[in-house]
2 protein chains.
Amino acid sequence: MEVSEKKPFRELCNEHGIAVTHQRQVLYEVMKSMHGHPSPEEVYARVKKRIPAISLATVYKNIHLFVESGIFREVSVHHGSLRVEMNHRPHHHLVCSECKAIRDIDERELHLQPKQTRLSDGFLVERYSIDVIGLCPQCQAMQSVQ
Amino acid sequence: MEVSEKKPFRELCNEHGIAVTHQRQVLYEVMKSMHGHPSPEEVYARVKKRIPAISLATVYKNIHLFVESGIFREVSVHHGSLRVEMNHRPHHHLVCSECKAIRDIDERELHLQPKQTRLSDGFLVERYSIDVIGLCPQCQAMQSVQ
DNA sequence: TTCGCTGCAAAGGTTTTGCATCGGA
DNA sequence: TCCGATGCAAAACCTTTGCAGCGAA
């Protein structure tokens, strides 16, 4: 499940049909060296130390490119605007990786029922929120057509 | 696990120490009648039909109030800005409901390993993304102090 | 040489805030 | 009456876009 193995950046770019630019290379290296869940601004601040003239727009464009290529991943598929949950029953979400549509799935239908309430590091569990990410039937049909 | 039972709105407000205003009441009723995962703009459009003079700011303020009170819930705890995942190993997230801190937890440590790849409605599973929502040790300590 | 990439600045979308006024308790 | 709630407008973010010039292939 490793997303990017130790592969030269040039090779990664060839695979995805993108040009190897200096900005892109440094951005990639800086990102690989970071930990946690940085925001584009945080990545930008780090890259600026090595390329002071780089623009935030370039950072955004390339982060998107990396995410689309599967080189990096977003922490959440729901990072857009605020959405309110109208289904008050215990359920989780089926999120289509293509069209981003969200469908609810009943908790029992997932055949997953976690029991722990306290993890080893002391974290006190209130609830689990599960996103099942994949392809909805419509997008599967689209893919087989193309 | 029902978040809001059939309880008069006035009672709900008393419990949470908030005033019962006309706007708030209509907003609540309109939201309860909606399905899916509406955005504040969508809620605003609906409420405007009954209170044409209502402002979007009021809708935002009250949605937040409802979410903080537990009357409604957000679809995702990560609705803010884009975050990039730096941990390339299979893992999930511990998200503190107080301070919003995100910590990674190894997939195996969760003792959950779903096996299905296709659900009954045809949805093709690519991966599971699990947020374990609860209180981190620091916030638990904070709560017991206050 | 060509087409994609970059930097800049401006625009766009979403959400928050300050403030005067209004209204529920 | 009083303090919280509202509406408005402006500001504050975060992100995207248009475009002229630059640079990788």
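Presented here is a report on the structure given in the accompanying data block. Bear in mind the structure is a predicted one, so any value in this text is a computation, not a measurement. (Residues numbered from 1 in each chain as written. Chains lettered and ligands numbered in written order. Predicted model: local features only at pLDDT ≥ 70, side-chain atom pairs only at ≥ 80, totals over all residues. Heavy atoms only, no water.)

## What to know about the pairing of strand S5 (residues 124-135) of chain B
Most of S5(B) is tucked away: 10 of the 12 residues are buried. Here strand S5 (residues 124-135) of chain A pairs with S5(B) via 11 bridges, running antiparallel. Pairing of A:Ile130 across the sheet is with B:Ile130, part of S5(B). (Buried < 20%, exposed > 50% of the residue type's maximum accessible area, 1.4 Å probe, protein only. Helix = DSSP H or I, 4+ residues; strand = E, 2+ residues; numbered from the N terminus. Pairing = 2+ DSSP bridges.)

## Quick word on the relation of the copies chain B and chain A
After a rotation of 180° and a shift along the axis of 0.0 Å, chain B superposes on chain A with an RMSD of 0.1 Å. Here the two chains are linked by the operation of a two-fold rotation axis. A share of 100% of the interface residues of chain B reappears at the interface of chain A, consistent with the copies meeting face to face through the same patch. (Least-squares fit on C-alpha atoms with pLDDT ≥ 70 in both. Contact = heavy atoms within 4.5 Å.)

## Quick word on the pattern of salt bridges
Under the defined criterion, the tally for this structure stands at eight salt bridges over all chains. Put simply, B:Arg83 and A:Glu42 hold a salt bridge, and the shortest N to O gap is 3.8 Å. Of the two residues, B:Arg83 is situated in the loop between strand S1 (73-74) and strand S2 (84-85) and A:Glu42 in helix H3 (residues 40-50); the pairing between them involves two chains. The exposure class assigned to B:Arg83 is partly exposed, which follows from its relative accessible area of 32%. For A:Arg108, the salt bridge goes to A:Asp106, with nearest N and O atoms at 3.0 Å. When its relative accessible area of 60% is taken as the criterion, A:Arg108 is described as exposed. (Salt bridge = Lys/Arg side-chain N within 4 Å of Asp/Glu carboxyl O.)

## Regarding unusual backbone geometry
The phi dihedral of A:Lys100 is positive, around 65°, even though this residue is not glycine. Residue placement: A:Lys100 occurs in the loop between strand S3 (91-96) and strand S4 (102-106).

## Quick word on the interface of chain B and chain A
Much of the literature gives interface size as the accessible area that the parts lose upon coming together. The partner chain A presents 70 residues to the 70 residues of chain B that form the contact. Area buried by chain B at its contact with chain A is led by B:Leu82, B:His88 and B:Arg127, which between them contribute 13% of it. Connecting chain B to chain A are 28 residue pairs in polar contact (both at pLDDT 80 or more). Looking at the side of chain B that touches chain A, the elements that each hand over two or more residues are helix H3 (40-50), helix H4 (56-69), S1, S2, strand S3 (91-96), strand S4 (102-106), S5 and helix H5 (137-145) of chain B. Among the elements that make up the side of chain B that touches chain A, the one with the highest residue count is S5(B) (12 residues). By residue class, the composition of the side of chain B that touches chain A is 34 nonpolar, 21 polar and 15 charged. (Buried area = accessible area lost by both parts, 1.4 Å probe. Polar contact = N/O pair within 3.5 Å; in protein donor to acceptor, adjacent residues only side chain to side chain. Nonpolar A, V, L, I, M, F, W, Y, C, P; charged D, E, K, R; others polar.)

## As for the protein's contact with DNA strand C
Every one of the 21 residues lining DNA strand C counts as a neighbour, but A:Gln23, A:Thr58, A:Leu82, B:Tyr60 and B:His64 are closest to it. Taking the atoms of DNA strand C that fall within 4 Å of the protein, sugar and phosphate contribute 82% of them. A:Ser55 is positioned with one of its backbone polar atoms (N or O) 3.2 Å from a phosphate oxygen of DNA strand C. At 3.1 Å, a side-chain N or O of A:Lys61 approaches a base oxygen of DNA strand C. Those elements giving two or more residues to the surface near DNA strand C turn out to be helix H2 (22-33) and helix H4 (56-69) of chain A together with H4 of chain B. Here the surface near DNA strand C gets five residues from one element, more than from any other, and that element is H4(B). For the surface near DNA strand C, a count of residues per class yields 10 nonpolar, seven polar and four charged. (Near = heavy atom within 4 Å.)

## Focus: the nonpolar core
Counting residues in each nonpolar core, the largest one holds 26 residues, and the members touching the most others are A:Phe123, A:Val132, B:Phe123 and B:Val132. Contributing elements (two or more residues each) for this core: S3 and S5 of chain A together with S3 and S5 of chain B. Apart from residues lying up to four places away in sequence, B:Phe123 is in contact with A:Leu94, A:Val95, A:Cys96, A:Val132, A:Ile133, A:Gly134, A:Leu135, A:Cys136, A:Pro137, A:Gln140, B:Thr117 and B:Arg118. (Core = buried A, V, L, I, M, F, W, Y, C linked by side-chain atoms within 4.5 Å.)

## Some remarks on helix H1 (residues 9-16) of chain A
Residue and element names in this part refer to chain A. Among the residues making up H1, those that are buried are Phe 9, Leu 12 and Cys 13. Here the buried residues of H1 occupy an arc of 95° about the axis, which is enough to place them on one side. Exposed positions of H1 whose direction lies more than 90 degrees from the buried face are Arg 10 and Asn 14. On its buried face, H1 is in contact with H2 and H4. Gly 17 lies just past H1 and shows a positive phi near 65°. (Arc of directions from axis to C-beta.)

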